[in-house]
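The chain contents come next:
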Amino acid sequence: MALIDDIKKKAAAANKTIVLPESHDARVLQAAEIIVKTKLSSVCTIGNEDAVKAKAAELGVNLDGVKIIDPEKSDKFESFAQTFFQLRQKKGVTIEKARETLKRDLFFGAMLVREGLADGSVAGSTASTGDVVRAGLQCIGMPQGISTVSSLFLMVFPDKTFSFADCAVVPNPDFNQLADITISTADNHKKLLGVEPVIAMLSFSTKGSAEHEMVDKVRSALKVVKEKRPDLKVDGELQFDAAIVESVGQRKAPGSEVAGKANVLVFPDLNAGNIGYKIAQRLGKAEAIGPIVQGLKKPFFDLSRGCSVEDIVSTAAIAALASE
């Protein structure tokens, strides 16, 4: 796909390091080989070095250039454990518990990202989404002003690429969470596509055409976004057609700089978002890239457990670009 090819080229130029923690998964080792051979990024993986090399040999995978880190043998292990203890001691984590936690690949990988020894992580080929997000939250944390982990999909049509959010993580965001989702998606749209985000906050109402508490939530979220990020081109509440069809936008929301021109679509809840992206994918024949986890300080991306080797490679490229 042209978009992924473009992302890969930009990622290669960025010269980043990506962690693929799950070295016990054959797909991860195969992806690591491809990423290094194509110079997409540097790669490190987590595990016992002898076991990882034996598995790679069994698979016929060449791991030359891939750094293998055994947490318990790493000279960073104790400092990582002390840092994790400081972060989590108010939650009842002891130093002994911190050391046990840091033996886990997801958490050690997350600490590599936190401490700047890697630029991003891609995991979840064997771990659950909950485990991946938990490691990211507990080790990396969120940027100032954002308190919501969410997701976006890049929806690729022949003539335009949209960002849809949130379609996978937050079931029923309140207005502050919806504002966070909007800001995170706008920033990632710019990072990944190099295009100014034009953001429509979607509803079944356009500019007061209906009154309901669900519409009020979108209006309140819009107010928060404008207060936090006056630099963003954002408007709402807008119906879907008013957001993307210029003639409809001009009629329903005259004077709006967003109506009819949106490339970032923020759905009011997960029902709408998940249904919306699947309609676009299945009936509109859009290519759906994601979900891309967002809302953490640094890229810590989740994979489907049914992912392919190419999915891992592509997600690593997105992580490298998102870390810019």
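Cut-offs used in this document
- Residues numbered from 1 in each chain as written.
- Predicted model: local features only at pLDDT ≥ 70, side-chain atom pairs only at ≥ 80, totals over all residues.
- Heavy atoms only, no water.
- Salt bridge = Lys/Arg side-chain N within 4 Å of Asp/Glu carboxyl O.
- Helix = DSSP H or I, 4+ residues; strand = E, 2+ residues; numbered from the N terminus.
- Buried < 20%, exposed > 50% of the residue type's maximum accessible area, 1.4 Å probe, protein only.
- Phe/Tyr/Trp six-rings, centres within 6.5 Å; stacked < 30°, edge-to-face > 60°.
- Pairing = 2+ DSSP bridges.
- Axes fitted to C-alpha atoms, helices over the stretch in contact; angles between N-to-C directions.
- Parallel < 35°, antiparallel > 145°, perpendicular 65-115°, else oblique.
- Left-handed = near helix turned anticlockwise from the far one by under 90°.
- Contact = heavy atoms within 4.5 Å.
- Nonpolar A, V, L, I, M, F, W, Y, C, P; charged D, E, K, R; others polar.
- 1 Å grid on protein atoms, 1.4 Å probe; cavity = no way out; pocket = protein on both sides within 12 Å on 5 of 7 lines; lining within 4 Å.
- Points joined across faces, edges and corners; volume = space filled by probe spheres on them.

What follows covers the pattern of salt bridges. Taken as a whole and judged by the stated rule, the model has 19 salt bridges. The residue Lys8 makes a salt bridge to Glu310 at a minimum N-O spacing of 2.6 Å. You can see Lys8 sitting in helix H1 (residues 2-14) and its partner Glu310 sitting in helix H13 (residues 309-322), a full 302 residues away along the chain. One salt bridge in this structure joins Lys233 and Glu196, with 3.9 Å as the shortest N-O distance. Here the residue Lys233 occupies a position in strand S8 (residues 233-238), and Glu196 occupies one in the loop between helix H8 (175-193) and strand S7 (198-202), the gap between them amounting to 37 residues. Assessed through its relative accessible area of 43%, Glu196 is described here as partly exposed. A single salt-bridge network, built from bridges that share partners, covers Glu211, Asp216, Arg219 and Glu237.

Glancing now at the packing of aromatic side chains. Scanning the model with the defined rule gives 6 aromatic pairs in all. The interplanar angle of 50° and the centroid separation of 5.1 Å between the aromatic rings of Phe80 and Phe108 together place this pair among those described as tilted. Within this pair, whereas Phe80 is found in helix H4 (residues 77-88), its partner Phe108 is found in helix H6 (residues 105-114), the two being separated by 28 residues in sequence. Among the residues examined, Phe80 registers a relative accessible area of 2% and is labelled buried.

This part covers the pairing of strand S5 (residues 150-156). The buried count for S5 comes to 7 of 7 residues, which makes it a mostly enclosed element. The side-chain alternation of S5 yields two buried faces, one formed by Ser150, Leu152, Leu154 and Val156 and the other by Ser151, Phe153 and Met155. In terms of strand pairing, S5 meets strand S10 (residues 287-294) through 6 bridges, oriented antiparallel. Counterpart to Leu152 in the pairing with S10 is Ile292. Summarising the sheet, S5 and strand S6 (residues 161-165) pair through 5 bridges and their orientation is antiparallel. What sits directly across from Leu152, in S6, is Ala165. Hairpin connection from S5 to S6: 4 residues lie between these consecutive antiparallel strands.

Let us look at the packing of H6 against helix H7 (residues 129-139). Helix-helix packing is described using two parameters, namely the angle between the two axes and the distance between the axes. Where H6 contacts H7, the two axes come as close as 9 Å, and the packing angle between them is 40°. It follows from the interaxial angle that H6 and H7 lie oblique. Classified by chirality, the crossing of H7 by H6 is right-handed. Residue-level inspection shows Leu106, Phe107, Ala110, Met111 and Arg114 of H6 in contact with H7, the latter providing Asp131, Val132, Arg134, Ala135, Gln138 and Cys139. Looking at the contact of H6 with H7 residue by residue, the class counts come to 7 nonpolar, 1 polar and 3 charged.

On to the side chain of Asn188. For Asn188, the location among the structural elements is in helix H8. Leave out the neighbours within four places in its chain, and Asn188 touches Leu152, Gln294 and Ala322.

It is worth spelling out the layout of surface pockets at this point. In this structure, the largest pocket encloses a volume near 500 Å³. Lining the largest pocket we find 23 residues, and of these Ala288, Ile289, Gly290, Asp311 and Thr315 sit closest to its centre. When residues of the lining of the largest pocket are assigned to their parent elements, the largest contribution, 6 residues, is made by S10. Each pocket or cavity is described by its volume, and for the second largest pocket that value is around 390 Å³.

In spatial order, the strands read S3-S2-S1-S4-S11; together these 5 strands make up an open sheet with parallel pairing. Each edge of the sheet is formed by a strand with only one pairing partner; in this case those strands are strand S3 (66-69) and strand S11 (300-302). Averaged over all adjacent pairs, the angle separating strand axes in this sheet is 25°, with direction ignored. Across 5 bridges, the pairing between strand S1 (residues 17-22) and strand S2 (residues 42-46) is parallel. Following the sheet pairing, Leu20 is matched in S2 by Thr45. Along the sheet face, H6 touches S1, S2, S3, strand S4 (120-123) and S11 and points at about 170° away from the line of S1.

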